[in-house]
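Here are the chains, one letter per residue:
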Amino acid sequence: LGLVGSEMCIRDRVMTPELSWLAYTAVLTALLWIPYIVGLTIQSGGISAGQYRDPTPPELPAWVKRCNRAHQNAVESIAPFAILVIILHLAGISNEMTVLWCMIFFYARLAHAVVYWIGVPFVRTLVFAAGLISVLGLFSELLTAAPAA
């Protein structure tokens, strides 16, 4: 594992910046459940064996519900992003714009989670839109760069 320019090398294979941003986004998405579980544990008074038999959560404060919804939204949003990044990679399409769109997606998802957690409604919509626009930007790069078969 090492860095060569802006590319990460794993053994003798080069991982493009777009794949790196996808990996960062996957880790972010995987970690976004933690605030929800912490809130659920606090609200439940700890973890007990009974909670495993009856998974019905207690009444939760709004911030805990928002943490859960932010995680669900991230899980739903990563699929189109990941599919496009993988298609671009397989097609051998990588340029400054594809890297920029991937970077925007990652930071938009990070910002979306934070503003969702703290309950900022209009900013949340704007950063969600930034993530969606970046996915559309990746699709545009695919359409304009891919040769017709």
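This text follows the structure it describes.
Let me begin by describing the structure that accompanies this report.

Cut-off values and rules
- Residues numbered from 1 in each chain as written.
- Predicted model: local features only at pLDDT ≥ 70, side-chain atom pairs only at ≥ 80, totals over all residues.
- Heavy atoms only, no water.
- Phe/Tyr/Trp six-rings, centres within 6.5 Å; stacked < 30°, edge-to-face > 60°.
- Helix = DSSP H or I, 4+ residues; strand = E, 2+ residues; numbered from the N terminus.
- Buried < 20%, exposed > 50% of the residue type's maximum accessible area, 1.4 Å probe, protein only.
- Lys NZ or Arg CZ within 6 Å of the ring centre and 35° of its normal.
- Salt bridge = Lys/Arg side-chain N within 4 Å of Asp/Glu carboxyl O.

Let us now look at the packing of aromatic side chains. Across all of its chains, the model carries six aromatic pairs by this definition. Ring plane angle 10° and centroid distance 4.0 Å describe the contact between Phe81 and Phe105, whose orientation is recorded as stacked. In this pair, Phe81 is assigned in helix α4 (residues 62–91) and Phe105 in helix α5 (residues 96–118), connecting sequence segments 24 residues apart. Overall, Phe105 belongs to the buried group, its relative accessible area being 2%. Centre to centre, the rings of Phe106 and Tyr107 are 5.0 Å apart; their planes meet at 80°, and the pair counts as edge-to-face. Grouping aromatic residues by their ring pairs yields a cluster made of Trp21, Tyr24, Phe106 and Tyr107. Positioned above the aromatic ring of Tyr116 is the side chain of Arg124, whose terminal nitrogen or guanidinium carbon lies 4.0 Å from the ring centre.

Now for the pattern of salt bridges. For the coordinates displayed, the defined rule picks out two salt bridges. Residue Lys65 pairs with Glu59 through a salt bridge whose shortest N-O separation is 3.1 Å. Residue classification places Lys65 among the partly exposed positions, given a relative accessible area of 43%. For Glu59, a relative accessible area of 61% puts it in the exposed group.

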